[in-house]
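Each chain is listed here by its residues.
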Amino acid sequence: MFKKKIPSWKKDTVTTDAVLKKIKPGMHIFIGTGTAEPRTLVNAIMTAEGYHLDDLTLIQLLSFGDAISFKALESKRYRLRTFFSGWVSAEAITAGQVDMIPSRFSAIPALMQEGQVPIDVAFVQITPPNEAGFCSLGVGVDVARRAMAHADLIVGEVNEAIPFTLGDTFVNINDFHMLVEAKVPPFYFPRYPVEPVFERIAENIASVIEDGSCLAFTFGPIFEALAKCLSRKRDLGIHTPFFTDALMELVKSGAVTNRQKGMFRGRSLTAYALGSKELMQWLDKNPMVEFQSIDKVFNPMEIGRNRRFVMILPVRRVDLSGRVALHNSSANVSAGPGQIADFLNGAEISPGGYTIVALPSRNREGTPNIRLFLDDSPDLLSLPESVDLVVTEQGVAHLRGRTLRERAQALIEIAHPEDRPGLVDGGKMEKLLYPDQIFLADSAHFYPAEIAIQHRFKNDLHVYFRAIKPSDEDQMRRLFYRFSDKAIYYRYFSPIKTMPHTKMQAYVNINYQDILSVVGQVGEPGQRTIIAEARIAKYPNKPYMDVAFVVDEEYQGHGIATFLYQMLARLAKERGAVTMTADVLSSNRTMLKVFEKGLFPVTAKLEGGAYALSIDLTRTNP
């Protein structure tokens, strides 16, 4: 039998005891993050006895591995210094065992360069070297290269189970003063189970993500569900702090091409990989995934080079002004202000970019997650101007450019239906809403979210159709004031000059049972404008529905009225109508043609200058 040749690098390895003998009291030791954590070295330093391992400072950007335990930190021999308040450090910070450094992640390399974060020793996980003697930093580029440049002692933990990733990951084996062979497997992250509420949230998020958008992913049930919902999108780009199993599945679906990115075109950009063994195998020598250090990945200017960059931020709670409370549990991954700020700014810089805040309308205990106000706390992100959309399983609230009153109304509409009456009452009391604000409690249970649809018309005009909401009041008033006198007369049969709040709020507050109204919108998510409205209204005592619709004159001639007519006819039939009726002025030839060209036979009777139309929904034209 032939003996298996021992790799040359193994002959150069030393024991962890040999490394610990080099550690002196008071040293600052840099440790890689997450799946890049050199667990053999960290376990050794955590459990060591008989060495002068006192007053040591451990520096780790994000501490959510399992090697640095709260129990070990209680020994007082070590103190963890971190830039992230999640996982182990969240509990230890409260107990005074961890020093938290508030900082944007993009600024951390500069802090090291300036000596603000001193480093004496660097513990870095690496792959075995290739034929040219180069190792890969594997699944966490982090600031490892910067730490190595400042450390007096560089120790590499060679782990054969981590992938040889590509990008700014190559380090020469000769750059290390000591090598240790990994004796424990990498830290793998289990996948989150996805409950139905998160599937509905993901569907709503996907509804406002355009083809060609660039996304940042992180960890959690929303992202597990989102990958499936985005699988039918086209030409998505990835610029993300973390690469996960869900993101791997999204790439495999074909939805991700990275063709429209502003940097690293054709490749998904990331700094860390967190996930399963399958993910690690898939990343091995994968040229489609580019690993770079955090000064590239978290740099707002670099993020902003990507058109339509979308930041998706899972949060715990949100109040009616748009302030959000971040997650603070040990299950949280990269959702502290220091990690979020760079990506928020990047989304603001990006042409067509926006930020989505996502959460269930209620928590597991049934407590409302949308509140009148949020108490001040360290987890409060008080940047309402940076929140463009808020998404729950109940729908999407568009906040960008809206007043506090409009924001409050939009957020109430995506709260849990049983929580909305209390929010309306509280909003009136705090003068966030009009004192006479109409609220139809039953309508919260009947909103027909399922009718929402997007359609592309000629000249590549994309229009988004959905049921009207009370928060559409101001947009509907603006639509009214854009109409010419002629258009107003055609729609309302009288020369109406004004549409005050009292009239319009009665128009947009409907119960969706007796009246159903559909609006058409154009524009980017978060900046959409209503350009059309159509409605059907039930007759009291027979299976008839009256229909009326109007289109902004700037958008007439694209076929929008015809589409709305067909859509309303279908909705009327689904709701049991056998006949639709409409009144059209005899001079309004354009609208008459819409009905004449429809699928259903129309009879018309001229009465006092207007045609009374009757549309038979039980038959179709030959």
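These lines cover the structure that appears in this document, whether it is placed above or below. (Residues numbered from 1 in each chain as written. Predicted model: local features only at pLDDT ≥ 70, side-chain atom pairs only at ≥ 80, totals over all residues. Heavy atoms only, no water.)

**A closer look at the packing of helix α7 (residues 196-206) against helix α8 (residues 221-229)**
- The N-to-C vectors of α7 and α8 enclose an angle of 55 degrees; their axes lie 8 Å apart at closest approach. Taken as axis vectors, α7 and α8 run oblique relative to one another. For the crossing formed where α7 meets α8, the hand is right-handed. Contacts from Phe198, Glu199, Ile201, Ala202, Glu203, Ile205 and Ala206 of α7 reach α8 at Pro221, Ile222, Ala225, Leu226 and Cys229.
- Tallied by class, residues from the contact of α7 with α8 come to 10 nonpolar, no polar and two charged. (Axes fitted to C-alpha atoms, helices over the stretch in contact; angles between N-to-C directions. Helix = DSSP H or I, 4+ residues; strand = E, 2+ residues; numbered from the N terminus. Parallel < 35°, antiparallel > 145°, perpendicular 65-115°, else oblique. Left-handed = near helix turned anticlockwise from the far one by under 90°. Contact = heavy atoms within 4.5 Å. Nonpolar A, V, L, I, M, F, W, Y, C, P; charged D, E, K, R; others polar.)

**A short note on the packing of helix α17 (residues 473-482) against helix α19 (residues 501-508)**
- The contact between α17 and α19 brings their axes to 9 Å, and the two run at 115 degrees. Judged by the angle between their axes, α17 and α19 are roughly perpendicular. Between α17 and α19 lies a crossing whose hand is right-handed. Judged by residue contacts, Glu473, Met476 and Arg477 of α17 engage His501, Met504, Gln505, Tyr507 and Val508 from α19.

**Describing the side chain of Arg407**
- Turning to its location among the elements, Arg407 is positioned in helix α14 (residues 404-412).
- Among buried Asp, Glu, Lys and Arg side chains, Arg407 stands out as unpaired, with Asp388 the closest opposite charge at 6.5 Å.
- Apart from the residues within four sequence positions on either side, Arg407 is in contact with Leu320, Ser321, Gly322, Pro384, Glu385, Val387, Leu399 and Arg402. (Buried < 20%, exposed > 50% of the residue type's maximum accessible area, 1.4 Å probe, protein only. Lys, Arg positive; Asp, Glu negative; His and termini not counted. Salt bridge = Lys/Arg side-chain N within 4 Å of Asp/Glu carboxyl O.)

**Considering the sheet that holds strand β16 (residues 289-291)**
- Reading across the sheet, the three strands line up as β8-β16-β14 and stay open at both edges, with parallel pairing between neighbours. Unpaired on one side and paired on the other, β8 (166-167) and β14 (268-270) mark the two borders of the sheet.
- Note: β8 against β16, two bridges, orientation parallel. Looking at the pairing, Gly167 lines up with Phe291 of β16. (Pairing = 2+ DSSP bridges.)

**Concerning the pattern of salt bridges**
- Counted by the stated rule, this structure contains 32 salt bridges.
- With a closest N to O distance of 2.8 Å, Glu533 and Arg535 form a salt bridge.
- A relative accessible area of 1% means that Glu533 is categorised as buried.
- When the shortest N-O distance is used, the salt bridge between Arg575 and Glu574 registers 3.8 Å.
- Note on Arg575: relative accessible area 28%, which makes it partly exposed.
- A cluster of three or more residues bridged by salt bridges with shared partners is formed by Lys10, Glu160, Glu181 and Lys183.

**As for the sheet that holds strand β19 (residues 324-325)**
- If you walk across this open sheet you meet the four strands as β21-β18-β19-β22, and the pairing is mixed. Lying at the two open borders of the sheet, with one neighbouring strand each, are β21 (370-371) and β22 (380-381).
- Note: β19 against β22, two bridges, orientation antiparallel. Within β22, the residue paired with Val324 across the bridge is Leu381.

**Details of the environment of Glu533**
- Here Glu533 is to be found in strand β28 (residues 529-538).
- Glu533 sits 28 residues away from Ala561 along the chain, and the two C-alpha atoms are 9.2 Å apart.
- Beyond its immediate sequence surroundings of up to four residues, Glu533 is in contact with Met476, Arg491, Tyr507, Ser517, Val518, Val519, Ala548, Phe549 and Val550.
- In terms of polar contacts, Glu533 uses its side chain to reach the side chain of Tyr507, at 2.8 Å. (Polar contact = N/O pair within 3.5 Å; in protein donor to acceptor, adjacent residues only side chain to side chain.)

**Concerning unusual backbone geometry**
- If you check the backbone angles, Asp142 has positive phi at about 55 degrees while not being a glycine.
- The residue Asp142 is located in the loop between β6 (134-136) and α6 (144-150) in this model.
- Assessed through its relative accessible area of 1%, Asp142 is described here as buried.
- Here Tyr512, not a glycine, exhibits a phi torsion of approximately 65 degrees, which is positive.

**Some words on the nonpolar core**
- If you look at the biggest cluster of nonpolar residues, it comprises 117 residues, and the most contacted ones within it are Phe30, Leu61, Ile126, Ile205, Phe217 and Val390.
- Residue contributions to this core peak at six residues, all from α7.
- Ignoring any residue separated from it by four or fewer positions in sequence, one finds Phe30 in contact with Ile59, Leu61, Met112, Ile119, Val121, Ala122, Phe123, Asp142, Val143, Ala144 and Ala147. (Core = buried A, V, L, I, M, F, W, Y, C linked by side-chain atoms within 4.5 Å.)

**As for α8**
- Within α8, seven of the nine residues are buried, leaving the element largely enclosed by the surrounding structure.
- Within α8, burial applies to Pro221, Ile222, Phe223, Glu224, Ala225, Leu226 and Ala227.
- Contacts made by the buried residues of α8 are with α7, β11 (214-216), α9 (245-252), β17 (309-314) and β20 (354-358).

**Notes on a positive patch on the surface**
- On the surface, Lys458, Arg589, Lys593 and Lys597 cluster together to form a positively charged patch.
- Within the secondary structure layout, Lys593 lies in helix α21 (residues 589-596). (Patch = residues over 30% accessible without salt bridge, like charges linked within 9 Å, V, L, I, M, F, W, Y side chains within 5 Å. Areas by Shrake-Rupley, 256 points an atom, 1.4 Å probe, with all protein chains shown as cover. Charge placed at Lys NZ, Arg CZ, Asp CG, Glu CD.)

**So, the packing of aromatic side chains**
- The final tally for this structure, using the stated rule, is 19 aromatic pairs.
- Ring geometry for Phe105 against Phe298: centres 5.0 Å apart, planes inclined by 50 degrees, an arrangement best described as tilted. Here Phe105, found in the loop between β4 (98-100) and α5 (108-113), pairs with Phe298, found in the loop between α11 (294-297) and α12 (300-303); they are 193 residues apart in sequence, far enough to count as distant.
- Assessed through its relative accessible area of 0%, Phe105 is described here as buried.
- Counting every residue linked through ring pairs, the aromatic cluster contains Phe105, Phe298, Phe309 and Phe343.
- The lysine or arginine in question, Arg528, covers the ring of Tyr464, its NZ or CZ lying 3.6 Å from the ring centre.
- Positioned above the aromatic ring of Tyr507, the side-chain terminus of Arg535 is 3.6 Å from the ring centre. (Phe/Tyr/Trp six-rings, centres within 6.5 Å; stacked < 30°, edge-to-face > 60°. Lys NZ or Arg CZ within 6 Å of the ring centre and 35° of its normal.)

**Details of the pairing of strand β2 (residues 56-60)**
- Of all five residues in β2, five are buried; the element is thus mostly enclosed.
- Alternating residues of β2 divide into Leu56, Leu58 and Gln60 and Thr57 and Ile59, and every residue in both groups is buried.
- Direction of pairing for strand β1 (residues 28-31) relative to β2: parallel, over a ladder of three bridges. Across the sheet, the residue bridging to His28 is Thr57, located in β2.

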